[in-house]
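Observations on the three-dimensional arrangement
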Amino acid sequence: MRTKVVFRRLLRNKQARYGSIALVLLVGLAYIGPYFGPYDWTEKDFLAFLSGPGPDHWWGTTSIGADMYAVTLRGMQKSIIIGLLVALISTGLAAIVGAFAGYFGGWIDKVLMWGVDLLLVLPSFLIIAIVSPRLREGASWLWFVALLAAFSWMVTSRVVRSMTLSLREREYVLAAVYMGIPRWKIIFRHIVPNLSSLLIIDATLNVSGAIIGEAALSFFGFGVQPPDVSLGTLIAEGSRNATGYPWLFAFPAGLLVALVLSVNLIGDGLRDALDPGSNS
Amino acid sequence: MGKYLLRRLAINVILVAIAASLAYILAASTMSPRGAYEGRQPPVAESVVDATLDAYNLNDKTPVLQRYATWVQGVVVGDFGRTWNGGSVNDEMGRRILVSARLLLIGTLLGFAVGVALGAFSAVKQYKLSDRLIGVTSFVIMAIPVFVLATLLAIGTYNLNRGLGFTLIEYTGEYNPRLSGWDQFLNRLNHLILPTISLSLGSIAFYSRIQRNMMLDVLDQDFVRTAMAKGLPRRKALIKHALRTALIPSATYFAFAFGTMFTGATFTEKIFAWHGMGAWLVDSINANDVNSVAAVTFFAAVCVLAASFLSDLLVAALDPRVRVS
Amino acid sequence: MSILEVKDLTVTFPGGIEAVRGVSYEVERGEVLGIVGESGSGKSVTSLAVMGLLPRNATVSGSVRLHGQELLSMKEDELVKVRGRAISMIFQDPLSAFTPVFTIGDQIAEAVRIHQKVSKDQAARRAVELLDLVGIPNPALRAKAFPHEFSGGMRQRAMIAMAVANDPDLLICDEPTTALDVTIQAQVLEVLKTAQRETGAGIVMITHDLGVIAGMADRVLVMYAGRPVEQGLVDDIYYRPRMPYTMGLLASIPRVDGEEGPLVPIDGNPPSPAALPPGCPFAPRCPMKVDMCDDEEPPLTSFGGGRHVACIRAHEIEHKGMTGADVFPVPVIPPSDVVRVPRAERATVLELDGMQKHYPLMKGAVFKRRVGTVFAVDGISFDVAEGETLALVGESGCGKTTTLQQIMRLEAPQAGRVVVLGKDSAGLDKSARKSLRADLQIVFQDPMAALDPRMPVGDIIAEPLRAHGRTDARAKVTELLRLVGLAPEHAERYPQQFSGGQRQRIGIARALALEPKLLVLDEPVSALDVSIQAGVINLLEELKNRLGLSYLFVAHDLAVVRHLADRVAVMYLGRIAEIGTVENVYDSPAHPYTQALLSAIPLPDPEMERTRKRILLEGDLPSPADPPSGCRFRTRCPKFARLSEAERQRCVNEEPSVARLANVADHGAACHYAEEIEVITASDNQEEQ
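All values derive from a computational prediction rather than experimental measurement.

So, how was this worked out
- Residues numbered from 1 in each chain as written.
- Chains lettered and ligands numbered in written order.
- Predicted model: local features only at pLDDT ≥ 70, side-chain atom pairs only at ≥ 80, totals over all residues.
- Axes fitted to C-alpha atoms, helices over the stretch in contact; angles between N-to-C directions.
- Helix = DSSP H or I, 4+ residues; strand = E, 2+ residues; numbered from the N terminus.
- Left-handed = near helix turned anticlockwise from the far one by under 90°.
- Pairing = 2+ DSSP bridges.
- Contact = placed C-beta atoms within 7 Å.
- Domains from an automatic or database assignment.
- Nonpolar A, V, L, I, M, F, W, Y, C, P; charged D, E, K, R; others polar.
- Core = buried A, V, L, I, M, F, W, Y, C linked by C-beta atoms within 7 Å.
- Buried ≥ 20, exposed ≤ 12 C-beta atoms within 10 Å, placed from the backbone.
- pLDDT = per-residue confidence, 0-100.
- Expected span 1.5 Å × (residues − 1).
- Bend = angle between axes of the 7 residues up to and from the residue.

**Here we look at the packing of helix 5 (residues 89-124) of chain B against helix 8 (residues 181-219) of chain B**
- With their axes 6 Å apart at the nearest point, helix 5 of chain B and helix 8 of chain B run at an angle of 35° to one another. For the pair helix 5 of chain B and helix 8 of chain B, the sense of crossing is right-handed.

**Focus on the sheet that holds strand 21 (residues 567-572) of chain C**
All names here are of chain C.
- Across the sheet, which stays open at both edges, the eight strands sit in the order 18-19-20-15-21-22-24-23 with mixed pairing between neighbours. Two strands in the sheet have a free side with no partner beyond their single neighbour: strand 18 (440-443) and strand 23 (659-660).
- In this sheet, strand 19 (residues 518-522) lies alongside strand 18 in parallel orientation, the contact comprising four bridges. Looking at the pairing, V443 lines up with L521 of strand 19.
- Those strands touched by helix 14 (residues 400-409) are strand 15 (389-393), strand 18, strand 19, strand 20 (550-555) and strand 21, and its axis lies near 150° from that of strand 19.

**Quick notes on the domain arrangement of chain C**
Residues and elements named next belong to chain C.
- With domains assigned, chain C is organised as domain 1 (2-217), domain 2 (227-327), domain 3 (338-580) and domain 4 (582-669).
- Computed from C-alpha atoms alone, the centre-to-centre distance between domain 1 and domain 2 is 29 Å.
- Of the residues lining the interface, 12 residues belong to domain 1; the matching set on domain 2 comes to 10 residues.
- Counting residues per element, the side of domain 1 that touches domain 2 draws most heavily on strand 2 (residues 17-28), which supplies six residues.
- Among the residues making up the side of domain 1 that touches domain 2, the classes are represented as six nonpolar, three polar and three charged.

**Here we look at the nonpolar core**
- Counting residues in each nonpolar core, the largest one holds 397 residues, and the members touching the most others are L256 of chain A, A301 of chain B together with I108, M205 and F553 of chain C.
- When residues in this core are grouped by element, the largest group, 18 residues, is from helix 3 (residues 68-104) of chain A.

**Observations regarding unusual backbone geometry**
Residues and elements named next belong to chain B.
- A positive phi is found at Y127, a non-glycine position, where the angle reads about 70°.
- Within the fold, Y127 resides in the loop between helix 5 and helix 6 (129-143).
- Looking at Y127, the number of C-beta atoms within 10 Å reads 10, which means it is exposed.

**Details of the interface of chain A and chain B**
- Chain A puts 28 residues into the contact, and the matching count from chain B is 30 residues.
- Looking at the side of chain A that touches chain B, the elements with two or more residues in it are helix 4 (106-121), helix 5 (124-131), helix 10 (196-219), helix 11 (231-240) and helix 12 (246-274) of chain A.
- Tallied by class, the residues present in the side of chain A that touches chain B amount to 22 nonpolar, four polar and two charged.

**Notes on the confidence of the model for chain C**
Residues and elements named next belong to chain C.
- Chain-level pLDDT for chain C is 88 on average; 97% of the residues reach the 70-or-more range.
- Considering only residues more than four positions removed or in separate chains, one finds that residues 683-689, a stretch of pLDDT under 50, has 10 contacts.
- Confidence estimates for the predicted assembly give a pTM of 0.83 and an ipTM of 0.81.

**Regarding helix 10 (residues 234-260) of chain B**
- Counted at 1.5 Å a residue, the expected span for helix 10 of chain B with its 27 residues is 39 Å, and the 37 Å between its end C-alpha atoms agrees.
- In helix 10 of chain B, a bend of some 40° at I248 of chain B exceeds every other bend along the element, and P249 of chain B, a proline, comes one to four places later.

**Re the pairing of strand 11 (residues 301-304) of chain C**
Residues and elements named next belong to chain C.
- Strand direction decides the pairing type here: strand 11 and strand 12 (residues 307-309), joined by three bridges, are antiparallel. Paired with S302 across the two strands is H308, which belongs to strand 12.
- In textbook terms, the turn of a hairpin is the stretch between consecutive antiparallel strands, and for strand 11 and strand 12 this stretch comprises two residues, one of which, G305, has a positive phi near 70°.

**A closer look at the interface of chain C and chain B**
- The interface of chain C with chain B comprises 31 residues on the first partner and 26 residues on the second.
- Counting only elements with at least two residues in the side of chain C that touches chain B, the list comes to helix 2 (76-82), helix 3 (94-97) and helix 4 (104-115) of chain C.
- Within the side of chain C that touches chain B, the residues separate by chemical class into 16 nonpolar, six polar and nine charged.

**Things to note about the environment of P246 of chain A**
All names here are of chain A.
- For P246, the location among the structural elements is in helix 12.
- Residue classification places P246 among the partly exposed residues on the basis of 16 C-beta atoms within 10 Å.
- Spatially, the C-alpha atom of P246 lies 40 Å from that of L93, the residues being 153 residues apart in sequence.

See the structure below:
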C-alpha cells in the first residue's frame, strides 16, 4: 500500500521522472552502446592518433589510438558499478552500526561512535592514495570499492543513530519491548524499516558521491589502475590536453556530470516522495 | 564545564595521535625517497645516499618502528622533521598554510554569504520562477566535480585570453613575482579570480540548498505567524525571525568549513598551480616524502577536530536552547 | 456597534478543499464569543482568516469588517497596522509561538515598538510592566529569559502580555489553554479575564473544551464540518441545545461532577473536508436523521432571541423539549461478576511498595553534563485488586508515566518492590519475565505513535501472538478485531488509513491479544476528540467487565477518571498525595492539592461556572530535580498559607506519608492537616428537565 503511494508520488515527481529516464538512457548507453561501436575498447588504431570525432571514430581517438567511444563507455561501466557497490556497502554499514549504537546505547554506543570518530579523523585520502596503486593484480578495483565504502558511511551512521535514539522512545517500539520481543529483532523489524526513507535517499546520493569520489582519486592516479579505465582516469588524461584535444575531456566529463546529475535528481525526487512532510 | 573541555581535549589528542601515527607508519613502510637519489646522474654512492637518508630519518634500511620513535620525539617538541631533500617540514608547512588561507578565505566567505542569501530568497519565492532557476542551477553545479569545473574554467579563460590577444584573467600560480607594490596586489587579486569562482560556486550551491530547506522548515512555524500577528510585515518577519533561526545549521557547516579551510583545496590548488596544503599532500605522496605526508595528516586531523569544536561553539552561541546556563 | 463583523466567510485550500464554508458572527466590545468544535471543524482556520495569516495558497471570500472597515481586501501595508494593534491573537502552543532565539522581553518589546513610537528602553520597560500585569514573578529578570526557559503556563502568560501590549479592541484566543495542565489552565484563564478587564476588548475564544467555554463565553458558536450549526447565548446552548450535534457533544463529555456509568458516544467520525456527505454533514452520525436530511444542507436559520440552528428538525426538538438523552441512547454495559466479591477477598494483581526512580539530570545538547538528580518517582505504594480500575492522576511532571514504565519494564526498581500477579519483578529471570509479559499489557496514549506505520494492522495485532509462539494468529486477529468493534477485513490496511478512535481500538486489540490479566492504560483517550472519546471509554469499561480485566489507568483528565475508575491515586512530584475510592476522593477530597485540582476543572455548565469559587494555586510545579523540603506541596499549598508559623514547621521539616482518614475505609491523604471538604457539588440535571 505504502509502496504504491510512494511509487505514485515518485512518478508524479518531475525531477525523479527526468532523472530516471536519464539514468536508464545512460546505463543503456554504457552497457548496450559498446555493441554498436565499430571498435573494441582494447583495440588500437595505429592510423589514427588523437584524431577528432568523425564517422570512423565517433568520439575521436586517444594519443595511443584507442577509440574514445569504446573506452569512455567501458570507463562508464566501471564508474557505475563502483558507485552502486560503494553505496550499497556504505549505507548498509551505516544503518547497522547507527541502529545498534542508538538502540543499545551504553558501552556498545560508546565503542561504535568512537570508531566512527576515529574513521572520520583518519586520513582517508592518504590511505586510499597509498594503498590502491599498490593493488595492481586482478580485481584491484574491488579493493578500491571496499576502501571507498569504508570511508564513506560514518556521517550517515551518526544520522541513523540520532534517529534511532528518537525511534527507540516511540510507543510502538516500547510496545514491542513490553511484548517480550528480543532487541535485535526489534531493530530489524521496527527500527530499520522506519528509517528506510532516509536509507534509500542516502544510498541514492551515495551512488553519486562514490562516482565522484572514484573520479577524484583516479584524477590523481590514486584510484582505478591501468589497464582498467574509469571516467576518472579518462578525465584526468583528457584534462591535461583539454585545450588542444577537447574531445578527450568533453565526453568523459560530460557523461560523468550527466550520471551524477541524474542520480541526484532521483535522490531528490525520492526524498519528496518518501517524506510526506517535505515541501513537494 | 572545565572538566568537560579537558575530557574533550584529551580525546582529541588521542585521535590526532592515532591518525598521525597511522599515517606515518603507513607512509614510512610503503614509500621511500631512495629512488629519487639512486636514479641521479652522475650516480651517487650507496653509502652517501644512506648517510643522507639517515640524516633526514628517511632510510628504509632502518626499521620502521625505530624511525617512528625518532619522528615522535621530534613531533612532541614541535619538529616534524625533514622533507625528502632536506628542507624543514615546519617551514614548508608554515608557508603552505598561508598560501591555502590566502586562496580559500575569500571563496569560503563568499560561498557562505551568497549561498545563504540565495537559499533564503529561494525559500521565500518557493515554486516561483526564481526559485526554480536557483534550484536547477545549484543542482547542476553540485553535479559537476570541482576538477571538471576548474578545468572548464581554465579552458574558458585560455580561449578568452587567446581571443582577446592578451592575458585578461590569470589562470596559473599565485602572483607574478616580477611585480611589486600596488601592481602586485592587483595581480594577486587577478590570480584569485578563477580559483575563487571554482571554489565558491560549489559552496554557493551547497549552502543555498541547505538554507532553502531550513528556511522552508521554519517558514511554516508558529513563531513566524506570531511575528506577523504582532504586526510585522511579512518581509521583516521572515528576515528577523525566520532567517535568524534558520541560520543556525548553515552557520555550523560554515564554522566547519572555515576550520578546515587551512587544509587546503587539493584540486583547485593542483589545477591552478598554487602551492598550498592541498597540493602538498598529492605532491608529497608522489615524491615519497614520508615526513611531509605525516605532517599534512597531523595538521588535517587537528583542523578537523578544531573545526568541529568551533562549530559546536557556534551552535551554542547562536542557539540559546543548547547553551549551558 | 460591534467591533468585528464576519459575514459568510469561506476558506478554500488548493484541491478544492473547503475548510470553512460560510461562517458569520459578530463580536461586541467587552463580549466573549466562544467557538466550539472538534478537530477539523474549521474553527482555527476561521480565526487565521480573520487575521489574514492563512498560507498564501488559501482562497478567502466573504467579508471581515473591523469597526466597519473591510479587512479581506486590505493591502499588507495597511493590514500590518491593524494586526497586533486592533486585533491580537493568542496561539495554542506558546513554545512554538515564540521565536526560540530571542528573549521573551525582546519579543514583547518588539510588539510595542511596531505600533508605538517609543525608545528601546521605554519598550523594554513596558515589556516588564506587561509581564508583571500577567503575574510573572520577578518580571525584570524573567524578561531576559529565552522561551525554552519558561514553563508552559508562564509562556502562555507572556503570550497574553504580548497580545495586550497595544491595547487591542479584539483578542482572538486559539485553544489558549489546551497544552496546559488543569491548575495552570485555571490560572491562565484568570489572567485572560484580567486582561479583558484591563483592555475592555472583545474576545473570540476558540476551543474544543466545553468546560472552558461555559466559564468564559457570553455567546457560543458551535462548528461542524466547516460550518456553524448552532449559535446562541451560552445558557441556551448548554441548557437548551436544539441541534443534535450540540446535544450529542454535551451528552458525550464525561463530567467530574457527573454520575458513573456509560457515556453517550456519537457514532462515526467527523467527515473529512475533502469528502463531505451530501446534505447535512452531520446526518451520517445523527440518530434523528430522516431521508430529507440527505437532500440539502440545512441553512443556519434564526430561532428568535439571537439563536440560530441549522437543523430541519430543530423545531420538533424544541416542541417536544427533547434532551441529549432522548436523542442519543445510553448504551448498556453488562456489569462485572468480579466486583460482587468484596475487594478485600479478591486477589491482588499489582502491588507497588515504596517504589522509587531517580535519574540523572543532564543539561545542554553540546556540552552535556550531569547537573543533578530528578526525583521522578520517590517512594510510592499502591495495589490493584482483581477486576478493579485504579487511576493514577496528576499533572505533567508528577511521575505517573515514569511509574508506569517502571512497572512495564519488569525489572528490579532502584528501591522498593514491584509485584505483578504475585511475582516480585526483582526475582524474575529472562523466561519468567517473558511469560509474565503475556499477563501484563499496555495501551498507549498516542494511537498514531503506538502503531508501527509500516506494518498492516493484522501483523500489528499478531505481533505479540507470534512473539509468544502462538500459531493460531490469523483466527485470533479476526476475533480481536471484532471484539474491539472493527471489521476483520481491516487487518489488511495500514494504521494511517484509520481515524484516531479506530487506531486506539487497534492498540487495545493488540494489548488484549495475549489475554492479559492486567492492562496498563497510558492516557488512552486524551488524544481523541470528545465525541470519539466516549466510545473508547465505553469499550474499555465493557471489556473489563466481560473479560474480568484489571486496569491501571494513567490520566490527567479527572473527569474521565471519574467515569472509568474504581479507585484513584493523586500524584504530586513523585509522591502520592491522596488515594482512595473515586467516591471518597471526588466527593470529599482531603488533600489541599486534590481539592485545588478538582476545583480547577471547568464544568460544562455555565450556571455552575458563574457561581463556583475556584481554589487557585500559586506558581508552577517545582522542578522534580529540586523538590521542596518536607511536604512537597507546601510551596503552592493554600492551606499552608493559612497555617500559623508553628504549624508550618511541621510541613517544612517532616514529609507527610499517606495516612488513612479516620471515618472511612478506603481513603488516605498525605497531609499533616488533612481535612475533607466538598469542592464540586454533584449536579444531576445538566440539561433543562
